[in-house]
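Fold and geometry: a report
Read off the chains here:
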Amino acid sequence: MQHYKKGGRLIVGTLIVYAILVLFHLGHFGDVWPPRETRHELGEFWPLSIYPMFSRGGHPWVRSHMREVADVSDPHLWQPRGFDDLPGTPYALGPRGINQNDIANFISKARTWDAQRVAGIRSVFEDDLRQKNLLVYRADGTIVGDSVSVVFTPFLLMAPDTTYFNPTLEYQTATSASP
Amino acid sequence: MIEKLLQNLFDYERKETVGEIVFYRFFELFVVYWALLYAWQWGPYLSRLKDVVLPLGIAEYIDITFMFENNLGIVNAIVMTVMLALGFLRIWRYGYLGAILSFHLHYAARYSQGEISHGSNLIGTTILFFAVATLAFQHRKEIRRTVLGMCYFFYGIGYTSAALCKLVATGPTWPAGRHLWMWIQERTVDTFSLTGSVDYNWLQQLALDNGFIATAILTFGLLVELFAVLMWFKRFRPIIMPLLAGMHIGIMVVMRLDFVSNTLLLVFLAFTWAALIDWGLRRLNVSTFDTIKKLSLRWA
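Residues numbered from 1 in each chain as written. Chains lettered and ligands numbered in written order. Predicted model: local features only at pLDDT ≥ 70, side-chain atom pairs only at ≥ 80, totals over all residues. Heavy atoms only, no water.

**Quick notes on the overall build of chain A**
Within chain A one finds 3 helices and 6 strands. The order of α-helices and β-strands along chain A, N terminus first, is α-β-β-α-α-β-β-β-β. Within chain A, buried positions represent 49% of all 179 residues. Restricting the contact set of chain A to residue pairs at least 6 apart, pairs at least 24 apart contribute 57%. Of the roughly 8600 Å² of accessible surface on chain A, a fraction of 55% belongs to carbon and sulfur atoms. (Helix = DSSP H or I, 4+ residues; strand = E, 2+ residues; numbered from the N terminus. Buried < 20%, exposed > 50% of the residue type's maximum accessible area, 1.4 Å probe, protein only. Contact = heavy atoms within 4.5 Å. Areas by Shrake-Rupley, 256 points an atom, 1.4 Å probe, with all protein chains shown as cover.)

Below, the structure written as structure tokens:
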């Protein structure tokens, strides 16, 4: 009986710590609670979680896609595109051991794009950026009628010697930055 | 009711068999193996990181960038390895506690780039339970029963909480087939980015072509998650835990997201594998059985 009491206390104690930690690090619970302006910034307390993944059904999403392009001066480069008419060739992340989620989240969650942030994303592609131009697309998915629309908008063009921002988009910093 | 629940979870008074000890050591080895895998996958990756996009866990309180652009990721992987070895080989009581602390630091550094990954959560919580149970109890039998009981309790809460999050954030329309279409397309963009080509597997195509099937897939997932707390009770474990494992396999095919360690953990804990091991041991000759018994007690 003594063991059961101890086991029960362990469960209750762990549950209390669990509840406190996830309550105070509850930034990812849809847009329901707590209000965005009051929530503690983004997160859970690994390994404890309320597991909110896929909780927002039908919610628009933002991902990323990368292309290798030859001509950085092409004015049509900055046009939004669909799956089938993207310029250049795909820059596949898998064979290079780069995590797709990291790049997608860089694009969707980074709020400011100052020199440090640009240096951060460039550092991931350091080796290839010595000789390639890499265009990072922001992919926006939304439900339109009875189908899903995916629009690829150019977000960042990383050339060997500089980085360009899409002139038609607004960023929380200058419109271009040096690496 | 509470007594019944605690008995279902821990079952302390039931005599322990050799098969149970052998099973537990395999279970423990499995968890340690996955923790090591994460340690050594994430460790070298940290040297490539530079900036924090999303601070998680301890990174909300300290500047985690000290782990980037140097070899500290590898140093922390070594610390984790040593701590896990000390815990697993019963050399130091605080081994698993040290392991979970360095594991947390490792996760906070690795997932500072915006993604909130849940693939390693069950392995992490199990290491946490190894630590908590080892510190709370003296005898190995009670430690083993406590770890398993806590796994059933908190795994159940985790999955049911996932279902409640869906119902709160979206409501009863969460299983609508078009929501699955959105996730399939999201994952297709990810696959496109990873491989450079776009393709849909047969189940994705089936769900995209037929809204009813897409709704049925999501309804199954939601219901299975919602009833996950049934794993608190012995009689339901062989039903609900394989269903949850099946849900993970479905997610792997439809969403191309693999939760391999979670799926295998569920299979590990769903059935009474110890009884199968005991059945096998009874068929061995006496001296072999004695050797296994001695070894299992020595390394319990």
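**Focus: the overall build of chain B**
Helix and strand content of chain B: 13 helices and 0 strands. Beginning at the N terminus, the succession of helices and strands in chain B can be written as α-α-α-α-α-α-α-α-α-α-α-α-α. By the compact-globule yardstick of 19 Å for 300 residues, chain B fits well, its C-alpha radius of gyration being 21 Å. When the backbone C-alpha atoms are referred to their principal axes, chain B occupies close to 60 × 50 × 40 Å. Put simply, chain B has 300 residues, and 56% of those count as buried. Long-range contacts, defined as pairs at least 24 residues apart, comprise 74% of the intrachain contacts of chain B with a sequence gap of at least 6. In the form shown here, chain B has an accessible surface area of approximately 12700 Å², with 70% of it arising from carbon and sulfur atoms. Each charge sign in chain B was given a centre, from 25 positive and 20 negative side chains, and these centres are 10 Å apart. (Rg over C-alpha atoms; globule rule 2.2 N^0.38 Å. Lys, Arg positive; Asp, Glu negative; His and termini not counted. Charge placed at Lys NZ, Arg CZ, Asp CG, Glu CD.)

**Quick look at the interface of chain A and chain B**
Opposite the 76 residues of chain A that make contact, chain B presents 74 residues. When chain A packs against chain B, close to 6600 Å² is buried across both sides, 67% of that on carbon and sulfur atoms. The three residues of chain A that bury the most area against chain B are Tyr 4, Trp 46 and Phe 54 of chain A, which together make up 15% of that side's buried surface. On the surface where chain A and chain B come into contact, there are 4 salt bridges. Run the count over chain A and chain B and you get 27 residue pairs in polar contact (both at pLDDT 80 or more). (Buried area = accessible area lost by both parts, 1.4 Å probe. Salt bridge = Lys/Arg side-chain N within 4 Å of Asp/Glu carboxyl O. Polar contact = N/O pair within 3.5 Å; in protein donor to acceptor, adjacent residues only side chain to side chain.)

**Here's the deal with the side chain of Asp 51 of chain B**
Looking at the secondary structure, you find Asp 51 of chain B in the loop between helix 2 (18–45) and helix 3 (72–88). Side-chain polar atoms of Asp 51 of chain B contact the side chain of Arg 117 of chain A, separated by 2.9 Å. In this structure Asp 51 of chain B touches Gln 116, Arg 117 and Gly 120 of chain A together with Phe 68, Ser 112 and Gln 113 of chain B, once residues within four positions along its chain are discounted.

**A few points about the confidence of the model for chain B**
Note that predicted coordinates carrying low pLDDT should not be read in detail. Put simply, chain B has an average pLDDT of 94, and 100% of its residues get 70 or more. Reported confidences for the modelled complex are a pTM of 0.88 and an ipTM of 0.90. (pLDDT = per-residue confidence, 0-100.)

**A look at helix 3 (residues 115–124) of chain A**
Within helix 3 of chain A, 7 of the 10 residues are buried, leaving the element largely enclosed by the surrounding structure. Inspection of helix 3 of chain A places Arg 117, Val 118, Gly 120, Ile 121, Arg 122, Ser 123 and Val 124 of chain A among the buried residues, and these make up the whole buried set.

**Here's the deal with the pattern of salt bridges**
A complete count under the given rule lists 20 salt bridges over all chains for this structure. Note that Arg 110 of chain B and Asp 102 of chain A form a salt bridge whose closest N and O atoms lie 3.1 Å from each other. Here Arg 110 of chain B is found in helix 4 (residues 95–110), whereas its partner Asp 102 of chain A is found in helix 2 (residues 100–109) on a different chain. Across the pair Arg 145 of chain B and Glu 20 of chain B runs a salt bridge, and its minimum N-O distance is 2.8 Å. Note that Arg 145 of chain B is positioned in helix 6 (residues 140–169) and Glu 20 of chain B in helix 2, a separation of 125 residues in sequence.

**Focus on a nonpolar patch on the surface**
Taken together, the side chains of Leu 89, Ile 91, Trp 92, Tyr 94, Leu 135, Leu 295 and Trp 299 of chain B make up a nonpolar region of the molecular surface, amounting to roughly 670 Å² of accessible area. Turning to its location among the elements, Trp 299 of chain B is positioned in the segment after helix 13 (286–298). (Patch = residues over 30% accessible without salt bridge, like charges linked within 9 Å, V, L, I, M, F, W, Y side chains within 5 Å.)

**Focus: helix 7 (residues 177–195) of chain B**
Residues and elements named next belong to chain B. With 19 residues, helix 7 ought to run about 27 Å at 1.5 Å a step, and its terminal C-alpha atoms sit 27 Å apart, in line with that. Most of helix 7 sits inside the fold, with 16 of its 19 residues counted as buried. Just downstream of helix 7 lies Gly 196, where phi reads positive at about 90°. (Expected span 1.5 Å × (residues − 1).)

**Here we look at the nonpolar core**
By size, the foremost hydrophobic cluster in this structure holds 107 residues, and its most contacted members are Phe 27, Phe 103, Ile 123, Ile 127, Met 231, Leu 244 and Leu 269 of chain B. Counting contributing residues, this core receives three or more from each of domain 1 (2–52) and domain 2 (58–165) of chain A. In this structure Ile 123 of chain B touches Phe 30, Val 31, Trp 34, Ala 35, Tyr 38, Phe 103, Ser 261 and Leu 265 of chain B, once residues within four positions along its chain are discounted. In this structure, Ala 110, Phe 125, Leu 129 and Leu 156 of chain A belong to the second largest nonpolar core, which totals 22 residues. (Core = buried A, V, L, I, M, F, W, Y, C linked by side-chain atoms within 4.5 Å. Domains from an automatic or database assignment.)

**Examining the pairing of strand 4 (residues 147–158) of chain A**
All names here are of chain A. With respect to burial, strand 4 is a largely interior element, 9 of its 12 residues being buried. Pairing of strand 3 (residues 133–144) with strand 4 involves 11 bridges; the strand directions are antiparallel. In the sheet register, Tyr 137 faces strand 4, and the bridge partner there is Pro 154. Linking strand 3 back to strand 4 in an antiparallel pair, the connection comprises 2 residues, with Gly 145 at a positive phi of about 65°. (Pairing = 2+ DSSP bridges.)

**Regarding the packing of aromatic side chains**
For any pair of aromatic rings, the description rests on two quantities: the centre-to-centre distance and the angle between the ring planes. A complete count under the given rule lists 38 aromatic pairs over all chains for this structure. Consider the rings of Tyr 91 of chain A and Phe 125 of chain A, whose centres lie 5.8 Å apart with planes at 65°: the pair is edge-to-face. Of the two residues, Tyr 91 of chain A sits in the loop between strand 2 (89–90) and helix 2 while Phe 125 of chain A sits in the loop between helix 3 and strand 3, which places them 34 residues apart along the sequence. Just as Tyr 91 of chain A is buried, Phe 125 of chain A falls in that class too. Between Tyr 24 of chain B and Phe 27 of chain B, the ring centres sit 6.1 Å apart and the planes meet at 55°, which makes this aromatic pair tilted. (Phe/Tyr/Trp six-rings, centres within 6.5 Å; stacked < 30°, edge-to-face > 60°.)

**Thoughts on unusual backbone geometry**
A cis geometry characterises the amide bond from Trp 46 of chain A onward to Pro 47 of chain A, with omega recorded as 5°. On the secondary structure map, Pro 47 of chain A appears in the loop between helix 1 (2–23) and strand 1 (61–69). Located in the positive-phi region is Asp 11 of chain B, a residue other than glycine, with phi close to 50°. Its location among the elements puts Asp 11 of chain B in the loop between helix 1 (2–10) and helix 2.

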